[in-house]
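Each chain, letter by letter, is given below.
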Amino acid sequence: MKLGVSPDTFPPRSHEAKRISVVDAAASVFCREGYAGANIDLIAAEAGVSRQTVYNHHGDKEKLFMAVVRDLTERCNAGIFATIATFPDQPTGLESDLIAFAVRMNRNCICNRDGRFLRKLIQAEGERYPELFAEWREQGPGRTWSALAARFARLAYAGHLSIDDPDVAARQFLALVNAELQTTFMLGGMPTEEEVLRSATNGVRTFLAAFGRRKAPAARQAALAHA
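Predicted model, so just to flag it, every value in this text is computed and none were measured. (Residues numbered from 1 in each chain as written. Predicted model: local features only at pLDDT ≥ 70, side-chain atom pairs only at ≥ 80, totals over all residues. Heavy atoms only, no water.)

**Let's talk about the packing of helix 4 (residues 61-84) against helix 5 (residues 94-110)**
The relative placement of two packed helices is expressed as an angle between their axes plus a distance between the axes. Running from N to C, helix 4 and helix 5 point in directions that differ by 165°, and their axes come no closer than 9 Å. Considering the angle they form, helix 4 stands roughly antiparallel to helix 5. Classified by chirality, the crossing of helix 5 by helix 4 is right-handed. Contacts from Gly79, Ile80, Thr83 and Ile84 of helix 4 reach helix 5 at Phe101, Arg104, Met105, Asn108 and Cys109. For the contact of helix 4 with helix 5, the residue count by class is 5 nonpolar, 3 polar and 1 charged. (Axes fitted to C-alpha atoms, helices over the stretch in contact; angles between N-to-C directions. Helix = DSSP H or I, 4+ residues; strand = E, 2+ residues; numbered from the N terminus. Parallel < 35°, antiparallel > 145°, perpendicular 65-115°, else oblique. Left-handed = near helix turned anticlockwise from the far one by under 90°. Contact = heavy atoms within 4.5 Å. Nonpolar A, V, L, I, M, F, W, Y, C, P; charged D, E, K, R; others polar.)

**Re the environment of Gly115**
Structurally, Gly115 is set in helix 6 (residues 113-125). Looking at Gly115, the relative accessible area reads 6%, which means it is buried. Spatially, the C-alpha atom of Gly115 lies 7.7 Å from that of Leu72, the residues being 43 residues apart in sequence. (Buried < 20%, exposed > 50% of the residue type's maximum accessible area, 1.4 Å probe, protein only.)

**Considering the pattern of salt bridges**
Enumeration over the complete set of coordinates arrives at 13 salt bridges. A salt bridge links Asp24 to Arg75, with the shortest nitrogen-to-oxygen separation between them at 3.3 Å. Of this pair, Asp24 sits in helix 1 (residues 15-37) while Arg75 sits in helix 4, placing them 51 residues apart in sequence. Linked through salt bridges whose partners overlap, the residues forming this network are Asp24, Asp71, Arg75, Arg113 and Asp114. (Salt bridge = Lys/Arg side-chain N within 4 Å of Asp/Glu carboxyl O.)

**Brief notes about helix 11 (residues 193-211)**
Here helix 11 spans 26 Å end to end across 19 residues, near enough to the 27 Å set by a 1.5 Å rise per residue. All buried positions along helix 11 are accounted for by Val196, Ser199, Ala200, Thr201, Gly203, Val204, Phe207, Leu208 and Phe211. Next to the buried residues of helix 11 lie helix 5, helix 8 (141-157) and helix 9 (166-177). (Expected span 1.5 Å × (residues − 1).)

Treat this as a map of the structure, not an account of what it does.
See the structure below:
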């Protein structure tokens, strides 16, 4: 909606529809203008609602920003946990299965709209307004790391990996498989499918070099003796 156009010219919307419209518009405005540059009038205009509607739903700009972070975190978590459900618990080819999983994580959770918006807000505002991201720290990375750590613990128990601390392994995996995408993200770009695959492949291979199953010395000696 353009400034100067009355919200009353739009068809009536439900309370929930207005709430969603305000949060979506606020996410776009905060990402585009930054927290300091955004204002309620701009957000209301973009959402197609009155200024008072925004205040009625969220109170002030700080509460609205926190609502945006909460909403993006919840939507990102939904995609992350749906993807974690496809984790290769019984791999037929560990490296290829983990690469395919890492590609899904990058594509569904890192490169999608919600992931891009949340990452941009954190990078732009996290240092200046860390208190606004307290809920994200608890409900975002903390939950993801724990869920993925449980999966890696099962792989280690089954003998596919050698892991002392599954929590560390989960954090390292997530950091490695999208490491080569960070420059593109910082410059506001979108990685190609080839770049997503390359980052996932290199990350998984580095991960397996650190956490891949290690043969005991006796087993290696027996293998060499029968070679």
